[in-house]
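What the coordinates show
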Amino acid sequence: MEGETMKVLIQVQDLNVFYGEQQALMSVSLEFYENQVHAIMGPSGCGKTTLLRCLNRMHELDSSVRVDGKIFLSGINIFSIPAMEVRRMTGMVFQRPNPFPNMSIYDNVIAGYKLNNIHLKKDEANQIVEESLKKAALWVEVKDKLHKRGTFLSGGQQQRLCIARALAMKPKVLLLDEPTSALDPKSTSHIEELITELKNTVTIVLVTHNIAQAGRISDYTAFMYLGSLVEYGPTEKVFTIPSDKRTEEYLSGKFG
Ligand SMILES: Nc1ncnc2c1ncn2[C@@H]1O[C@H](COP(=O)(O)OP(=O)(O)OP(=O)(O)O)[C@@H](O)[C@H]1O
């Protein structure tokens, strides 16, 4: 990575978010780079999820939230194109695995196409299902039970199914909101390995409470505190020579 010029995929400029009267993000500006893993860390309530939700315009589903500022994805202002288009380019995976309970594994993977009324030919659908499950490192475990319900899988497998569902739409960015916090250590390390592999095909923004996880798998780390971006840079630098005292204190477990 050293010496390479990173290509900017997302530019966040002067982002402010308000929940009613309460300001949750204060003038946040940063860039996310193509094919890199970016961790957003910080104590509870500092605005990590709020920032992530701006990237796919999720806040617009709640009329009490106001978002000010600019976000460019591949140079396009995401507020100037239909929200559905933005969401198609930015797959999202949540803390708790949430496969659609009444759908088979197969239908879960291609659910995004159905929700968007995109018709797939049988061959095309088969190919997308296989490819996405392979990318999510789940194919081998489920290839003989594709028509069983996704909810029969273990928690870690369900989370990989949710990752496959997001990847099926061929997003540019994968937004992961504490994707391992509901999982056991073995499933967690499986997902961490997967994230490291996935960055070859997709850019990743990961919200995590887990400092060690940010250190293990991210290339860039952002540290947020009380709605502000305190520090952002290559993970190695942030972890070894943080420039802000609050980052140092957070990393050494003094708060959070
Ligand atoms: N829907 C909402 N309505 C009102 N306030 C909200 C809402 N969502 C978040 N907040 C507030 O905004 C601030 C930032 O919340 P956010 O969820 O982004 O923090 P976080 O860093 O992701 O926290 P955690 O690590 O606990 O998930 C907090 O003070 C939170 O209480």
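Conventions and cut-offs
- Residues numbered from 1 in each chain as written.
- Predicted model: local features only at pLDDT ≥ 70, side-chain atom pairs only at ≥ 80, totals over all residues.
- Helix = DSSP H or I, 4+ residues; strand = E, 2+ residues; numbered from the N terminus.
- Rg over C-alpha atoms; globule rule 2.2 N^0.38 Å.
- Buried ≥ 20, exposed ≤ 12 C-beta atoms within 10 Å, placed from the backbone.
- Contact = placed C-beta atoms within 7 Å.
- Near = placed C-beta within 6 Å.
- Nonpolar A, V, L, I, M, F, W, Y, C, P; charged D, E, K, R; others polar.
- Pairing = 2+ DSSP bridges.
- Expected span 1.5 Å × (residues − 1).
- Arc of directions from axis to C-beta.
- Axes fitted to C-alpha atoms, helices over the stretch in contact; angles between N-to-C directions.
- Parallel < 35°, antiparallel > 145°, perpendicular 65-115°, else oblique.
- Left-handed = near helix turned anticlockwise from the far one by under 90°.
- pLDDT = per-residue confidence, 0-100.

**Brief notes about the overall build of the protein**
When its secondary structure is counted, the protein shows 11 helices and 10 strands. For the protein, whose C-alpha radius of gyration is 18 Å, the value lies close to the compact-globule estimate of 18 Å for 256 residues. For the C-alpha atoms alone, the extent of the protein along its principal axes is close to 55 × 40 × 35 Å. Among the 256 residues that make up the protein, the fraction classed as buried is 38%. For the protein, the proportion of contacts with a sequence separation of at least 24, taken over those separated by at least 6, is 69%.

**Regarding the site of the ligand**
By nearness alone, every residue bordering the ligand is listed as Y19, Q22, A24, G42, S44, G45, C46, G47, K48, T49, T50 and H209. Of all the elements in the fold, those that place two or more residues in the shell around the ligand are β2 (22-33) and α1 (48-55). For the shell around the ligand, the per-class residue count stands at three nonpolar, eight polar and one charged.

**Quick notes on the sheet that holds strand β5 (residues 76-77)**
Here four strands make up an open sheet; going across it, the order is β2-β1-β4-β5 and the pairing antiparallel. Only two strands of the sheet have a single neighbouring strand rather than two, namely β2 and β5. Relative to β5, strand β4 (residues 65-73) is paired through two bridges, and the arrangement is antiparallel. Within β5, the residue paired with L73 across the bridge is I76.

**Describing helix α5 (residues 122-135)**
Relative to the 20 Å expected for 14 residues at 1.5 Å per residue, α5 spans 20 Å between its end C-alpha atoms, a close match to the ideal helical length. Every buried residue belonging to α5 is among I128, V129, S132, L133 and K135, and all of these are buried. Down the axis of α5, the buried side of the element spans an arc of 155°, and every buried residue falls inside it. Facing away from the buried side of α5, by more than 90 degrees, are the exposed residues D123 and Q127. In this structure, the buried residues of α5 make contact with α3 (105-109), α6 (139-142), α7 (155-168) and α8 (185-198). At the C-terminal side of α5, A137 shows a positive phi close to 55°.

**Structural notes on unusual backbone geometry**
Not every positive phi belongs to a glycine, and S27 is a case in point at roughly 45°. Tracing the backbone shows S27 in strand β2. On the neighbour-count criterion, S27 (14 C-beta atoms within 10 Å) is partly exposed. In the Ramachandran plot, A137 falls in the positive-phi region, its phi being about 55° despite a non-glycine side chain.

**A word on α1**
Burial within α1 is extensive, with seven of its eight residues counted as buried. Residues of α1 that are buried: K48, T50, L51, L52, R53, C54 and L55. Of the residues flanking the end of α1, it is R57, one or two places downstream, whose phi is positive at about 55°.

**Structural notes on the packing of α7 against α8**
In the contact formed by α7 and α8, the axes pass within 9 Å of each other and the chain directions differ by 25°. In terms of their interaxial angle, α7 and α8 are classed as roughly parallel. Crossing angle aside, the handedness with which α7 passes α8 is right-handed. Facing G155, G156, Q159, R160 and I163 of α7, the residues of α8 in contact are S187, H190, I191 and L194. Partitioning the contact of α7 with α8 into residue classes produces three nonpolar, five polar and one charged.

**So, the confidence of the model for the protein**
Looking at the protein as a whole, the pLDDT averages 95, with 98% of positions reaching at least 70. For this predicted complex, the interface confidence score (ipTM) comes to 0.97, while the overall pTM stands at 0.95.

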